[in-house]
Amino acid sequence: QVQLVERGGGLVQAGGSLRLSCATSRRTAMGWFRQAPGKERDFVAAITWSGGSTAYADSVKGRFTISRDNAKNILYLQMTNLKPEDTAVYYCAARIRYSGNSVRISPEEYDYWGQGTQVTVSS
């Protein structure tokens with residue numbers, strides 16, 4: 001069982017920054033996904049169990065940074081230069097199945113999900 005607690009969502013203006021965090025009960029491969037109303041849940045970023053490899057969606061590459069503090073079991077998503085199209089509910093996810101050094105970018109590859117935190121970017 002993996003418990004995930006997300007924090008850090010809020011309202012920001014376009015061009016602003018926000019940092020999301022996800023406290024986990026154990027160390028696993030992790031990812032961030034987002035879902036806007038009426039849309040599918042989309043991949044944002046992922047990180048391996050060790051933190052040695054990361055992957056990003058093209059839409060956020062260069063603006064978002066995923067990282068983890070393995071000593072504290074906390075996952076982070078640093079978001080900069082936010083755009084209105086970034087508005088969505090952001091979810092952290094954990095994969096308990098073996099991942100090795102491979103990043104996982106599909107929702108089906110994850111086993112546990114946080115409750116989600118709303119990020120709203122105004123024009």
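Cut-offs and rules
Residues numbered from 1 in each chain as written. Predicted model: local features only at pLDDT ≥ 70, side-chain atom pairs only at ≥ 80, totals over all residues. Heavy atoms only, no water. Disulfide = S-S within 2.5 Å. Helix = DSSP H or I, 4+ residues; strand = E, 2+ residues; numbered from the N terminus. Phe/Tyr/Trp six-rings, centres within 6.5 Å; stacked < 30°, edge-to-face > 60°. Lys NZ or Arg CZ within 6 Å of the ring centre and 35° of its normal. Pairing = 2+ DSSP bridges. Axes fitted to C-alpha atoms, helices over the stretch in contact; angles between N-to-C directions.

Explain the state of the cysteines to me, and be specific about the residues and the numbers.
In total, this model carries 1 disulfide according to the counting rule given. With a sulfur-sulfur separation of 2.1 Å, Cys 22 is cross-linked through a disulfide to Cys 92. Of note, the bridge from Cys 22 to Cys 92 carries an S-S torsion of about 50° and is right-handed in sense. Of this pair, Cys 22 sits in strand S3 (residues 18-24) while Cys 92 sits in strand S9 (residues 88-95), and the two are 70 residues apart along the sequence.

Summarise the packing of aromatic side chains; cite the residues concerned and give the values.
Here the structure, examined in full by the defined rule, presents 4 aromatic pairs. Ring-pair connections join several aromatic residues into one group, and the members of that group are Phe 33, Phe 43, Tyr 110 and Trp 113. In this structure, Arg 27 packs its charged tip against the face of Trp 49, placed 3.4 Å from the ring centre. The ring centre of Trp 113 lies 4.8 Å from the NZ or CZ of Arg 41, which sits over that ring.

Can you explain the sheet that holds strand S1 (residues 4-7)? Please cite residues and give values.
Ordered in space as S1-S3-S8-S7, the 4 strands form an open sheet in which the pairing is antiparallel. At either margin of the open sheet sits one strand with a lone partner, and together these are S1 and strand S7 (64-69). Recorded for the sheet is a direction-independent mean angle of 15° between the axes of neighbouring strands. When S7 meets strand S8 (residues 74-79), the two strands line up antiparallel, connected through 6 bridges. Its bridge partner being in S8, Ile 66 is matched across the sheet by Leu 77.

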